[in-house]
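Coordinates in review
Listed here are the chains, written in short residue letters.
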Amino acid sequence: MKATFLYGPGDVRVEETAHPQIVEPTDAVVKITLSCVCGSDLWDYLDSEKLEVGRPRGHEFIGVVESIGDQVTDIQVGDFVVAPFVASCGKCDYCLAGHATSCRKIGFFGHGGDAGGQSEAVRVPQADGTLVKLPVTQDSPLLPSLLTLSDVMCTGHHAAVTAKVAKGETAVVIGDGAVGLCAVIAAKRLGAGRIILMGRHPERTNLGREFGATDVVSERGEAGIAKVKELLGGDGAHSVLECVGTAESMEMALGVVRDYGTIGRVGAAQYQTIPFGFGPLMRNVSISGGVAPARAYIEELMVDVLNGSIEPGRVFDLEVSLDEIAQGYAQMTNRTKIKALVRL
């Protein structure tokens, strides 16, 4: 079968590899019908060492279960499913608390030499706890939005939840990528009265306005902080959703949050320290967030996708085949496209 591998900076290749097999009795093998390229895929795509053996790619997918292990009972062959971006058992104390990314049996796609989610098929560890059945047909127009539940919509929602977005209060979303745009949807869904989107790309911020942003600030750094504070009467926002992952974006988050406000950080952190000295401490600023426990959010958000009240699938503005996936990486890197959908 075909699968995507990273070989170095700017070098992704689709190659023939072994079809995945059941390894553990809790596994399933899923034939993928839709996948995509994630913004987090771009970090090592841009800054990776050259590799002799390709690194499997992809962690977001929808597909059909083609085989299951002997201990899989809830998922059946033929089920049409979506997977969160990490595998979890669904039974341990962390999973039962909704904290699947700390599952005691956590699994990842593309590790141990297996193909990842940007392939024709993938092995799914802990299938019963990981996979979620989709109540739609394989030709449903809702599939792009349902695919976002694998990662970006759940991650945007996690930013809103951990930033404590509340009805009628103010929220600032930093970043106009797919996660930032989904964070706008999430902030509106939770009732934010005013949502300021910080982004520089008009085609993206225009979509952000359609998703619910009331204001757009294109400036960055100190100029961006000053503009947000001007819009909010000088105090900053109750909730800040940091969806980029750079030191600069985190500094902006600290600059635009109001006293006693909360920052929910979900951008894949490209820094090791946060400038959280006595100043933010004196202001009682809280910093929360992290890797989203997508599995805990899928069913809740799926209801709104199915009834049409949210359309996160609109973040996909490029569709490619698996053989064309390098185009998706390149155009997302060049910021000419927001997010590439891969149809198999």
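For the structure, see preceding data.
Residues numbered from 1 in each chain as written. Predicted model: local features only at pLDDT ≥ 70, side-chain atom pairs only at ≥ 80, totals over all residues. Heavy atoms only, no water.

Topic: the overall build of the protein chain
This is how the line gets drawn: In DSSP terms, a helix is any run of H or I states spanning at least four residues, a strand is any run of E spanning at least two, and both are numbered starting from the N terminus. Contacts are assigned to residue pairs that have any heavy atoms within 4.5 Å of one another. Methods summary: accessible areas were calculated by the Shrake-Rupley approach with a probe of 1.4 Å, and residue burial reflects only the protein chains presented. In this count, Lys and Arg are taken as positive residues and Asp and Glu as negative ones, while His and the chain termini are left out. Where a charge sits is defined by one atom per residue type, namely NZ (Lys), CZ (Arg), CG (Asp) or CD (Glu).
If you tally the helices and strands in the protein chain, you get twelve helices and 18 strands. When contacts within the protein chain are restricted to residue pairs at least 6 apart in sequence, those whose partners lie at least 24 apart make up 68%. When the accessible surface of the protein chain is split by element, carbon and sulfur atoms take 49% of a total near 14,400 Å². Separation between the mean location of the 31 positive side-chain charges and that of the 42 negative ones in the protein chain comes to 5 Å.

Things to note about unusual backbone geometry
Put simply, the rule is: For the exposure calls, accessible area comes from a 1.4 Å probe over protein chains only, and a residue counts as buried if that area is under 20% of its type's maximum, exposed if over 50%, partly exposed in between.
Located in the positive-phi region is Gln-126, a residue other than glycine, with phi close to 50°. Looking at the secondary structure, you find Gln-126 in the loop between β9 (121-124) and α3 (127-130). For Gln-126, a relative accessible area of 16% puts it in the buried group.

Things to note about helix α11 (residues 294-306)
Stated precisely, the cut-off is as follows: For a helix, the expected span equals 1.5 Å multiplied by the number of residues minus one. Working definition for bend: take the seven residues up to and ending at a residue and the seven starting at it, fit an axis to each, and measure the angle between the axes.
The first and last C-alpha atoms of α11 sit 17 Å apart over 13 residues, in line with the 18 Å expected at 1.5 Å per residue. A bend of about 35° at Glu-300 is the largest found in α11. Among the residues of α11, Ala-294, Arg-295, Tyr-297, Ile-298, Leu-301, Met-302, Asp-304 and Val-305 are the ones counted as buried. Where α11 is buried, its residues contact β6 (80-83), α3, β10 (132-133), α4 (143-147), α5 (152-162) and α6 (178-189). One or two residues past the end of α11 sits Gly-308, with phi positive at roughly 80°.

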